[in-house]
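The residues making up each chain are set out below.
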Amino acid sequence: MTQLEDGFGRQFYYLRLSITDVCNFRCTYCLPDGYRPNGRNYFITQAEVARITRAFAALGTQKVRITGGEPTMRKDFTELLRTVADTPGITKVALTTNGYRLAKHAQEWRDAGLTHLNVSVDSLDPKMFHQITGENLFHEVMAGVDAALDAGFEQVKLNSVLLKGLNGKELDQFLDWIKTRPVEMRFIELMQTGEMDQFFERHHMSGEQIKQRMLQQGWQSVLREKDAGPAERFWHPDYAGKLGLIMPYSKDFCAGCNRLRVSAQGKLHLCLFGEGGVELRDLLAADEQQDELIARLQSALQTKRETHYLHQGDAGSTPHLASIGG
Ligand code: SAM
């Protein structure tokens, strides 16, 4: 049973924990000019990660997704993984990564307790991959995906932000790719963030239209688990893989929200598109503060809004998703 319930009866079993803002990719829709330090880059330490995870687990959280920035850029990444995985009550440890270190470390991370893996692969065409991510590392990332499949993760997913005029034409290639691979392919609808100007208008593709196309091709809905992510999931009898659609503009997106976020600066974010965040760091210095930390988490949750205001073009204070662990 979770003790994290907001004023709208939504229950929270799932924590997304960002451990760094630093990223080595320059994705056109996220950090086109690359990561720029802004003086705040003193990220949560291993001891702070342990206290955050313990407090959430005490309140019923079962799943932690580690994200960033690029989380695997942290030198102590494997130890951080182990810290989260060893926390009593945490049964699923997930990672969202661009995959650039995966080929070398998949097995080591699996052994440290990582159970679920999402790799961002915006194109299956090396040139388009380079154009979107700013890095010519397609083959390295795909070697990482193969290494992850060999390492025996419970689940491997590929994330792709579909962009009109860029990788939007590759829908069929992505589907072909999962015909024989037991991988979930997730198409993420582009979200408009604070630092995006005309990019959104030029490249946004409607998730709802992709969904209708998939339904016409015989894809069928999968029931949602209580700690499931934001995707609507589909299966097809002719495919080994599954399909997930993340559609932040769909009308029920917020009703199914079961996730809370903690940023690499140690702030609780109640919504990806919320305001400044609730400071936790003053309660992360010592184990004796756990009760106070738990009380702050519970009271902050009562201020969670019913929905985001993305439809009105309001991304809250989120300049780009790398700043809060997208
Ligand atoms: N560096 C890691 C990675 O590349 O997966 C983790 C952080 S990244 C911010 C997490 C996910 O957010 C990626 O799959 C990325 O494609 C997605 N993302 C970033 N900005 C986005 C946007 N404006 N709209 C939709 N998805 C976005």
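This structure is a prediction, so every number in the text was calculated from the model and none was measured.

Asks: Is there a simple way to think about the packing of helix α2 (residues 77-85) against helix α3 (residues 102-112) in this case?
Replies: Geometrically, a packed helix pair is captured by the angle between its two axes and the distance between the axes. Interaxial distance between α2 and α3 falls to 8 Å at its minimum, and their mutual angle equals 30°. Considering the angle they form, α2 stands roughly parallel to α3. Two secondary-structure elements touch here, α2 through Phe77, Thr78, Leu81, Arg82 and Ala85 and α3 through Glu108, Trp109 and Ala112. The class makeup of the residues in the contact of α2 with α3 is five nonpolar, one polar and two charged.

Asks: What is the right way to read the nonpolar core from this model?
Replies: In summary, soluble globular proteins display a tendency toward joint burial of nonpolar side chains. Counting 98 residues, the largest nonpolar core has Leu17, Tyr29, Phe56, Ile66, Val121, Phe187 and Leu268 as its most contacted members. The biggest single contributor to this core is helix α5 (residues 138-151), with seven residues. If near-sequence neighbours (up to four positions away) are discounted, Ile66 is found in contact with Leu17, Ile19, Pro71, Phe77, Leu81, Val84, Val93, Ala94, Leu95 and Thr96.

Asks: Please explain the site of the ligand as it appears in this structure.
Replies: The local shell around the ligand holds 20 residues, among which Tyr29, Gly69, Glu70, Ser120 and Met191 are the closest. In this structure, an oxygen atom belonging to the ligand sits 3.5 Å away from a main-chain N or O atom of Thr97. Within the side chain of Ser120, one N or O atom sits 2.6 Å away from an oxygen atom of the ligand. Summarising the interface, the protein chains cover 94% of the accessible area of the ligand, which totals 550 Å² for the free molecule. For the shell around the ligand, the secondary structure elements donating two or more residues are β3 (92-97), β5 (155-162) and β6 (184-189). Within the shell around the ligand, the residues separate by chemical class into nine nonpolar, nine polar and two charged.

Asks: Would you mind showing me how to read the sheet that holds strand β2 (residues 63-67) here?
Replies: Two orientations exist for strands paired in a sheet by backbone hydrogen bonds: parallel and antiparallel. Strand order in the open sheet made by the twelve strands is β7-β8-β9-β6-β5-β4-β3-β2-β1-β10-β11-β12, with mixed pairing throughout. Looking at strand neighbours, the two that pair on one side only are β7 (220-221) and β12 (278-279), the edges of this open sheet. As judged from the four bridges shared by strand β1 (residues 14-18) and strand β10 (residues 259-262), these two strands associate in the parallel manner. Residue Arg16 lies in a different strand from β10, and its bridge partner there is Arg261.

Asks: What is the right way to read the environment of Thr53 from this model?
Replies: In this fold, Thr53 is placed in helix α1 (residues 46-58). Sequence-wise, Thr53 and Gly229 are 176 residues apart; in three dimensions their C-alpha atoms are separated by 18 Å. In contact with Thr53, other than residues within four places in its own chain, are Leu17, Val64, Val84, Thr87 and Ile90.

Reading guide: rules and limits
Residues numbered from 1 in each chain as written. Predicted model: local features only at pLDDT ≥ 70, side-chain atom pairs only at ≥ 80, totals over all residues. Heavy atoms only, no water. Axes fitted to C-alpha atoms, helices over the stretch in contact; angles between N-to-C directions. Helix = DSSP H or I, 4+ residues; strand = E, 2+ residues; numbered from the N terminus. Parallel < 35°, antiparallel > 145°, perpendicular 65-115°, else oblique. Contact = heavy atoms within 4.5 Å. Nonpolar A, V, L, I, M, F, W, Y, C, P; charged D, E, K, R; others polar. Core = buried A, V, L, I, M, F, W, Y, C linked by side-chain atoms within 4.5 Å. Buried < 20%, exposed > 50% of the residue type's maximum accessible area, 1.4 Å probe, protein only. Near = heavy atom within 4 Å. Polar contact = N/O pair within 3.5 Å; in protein donor to acceptor, adjacent residues only side chain to side chain. Areas by Shrake-Rupley, 256 points an atom, 1.4 Å probe, with all protein chains shown as cover. Pairing = 2+ DSSP bridges.

As far as function goes, none of this settles anything; it's purely spatial.
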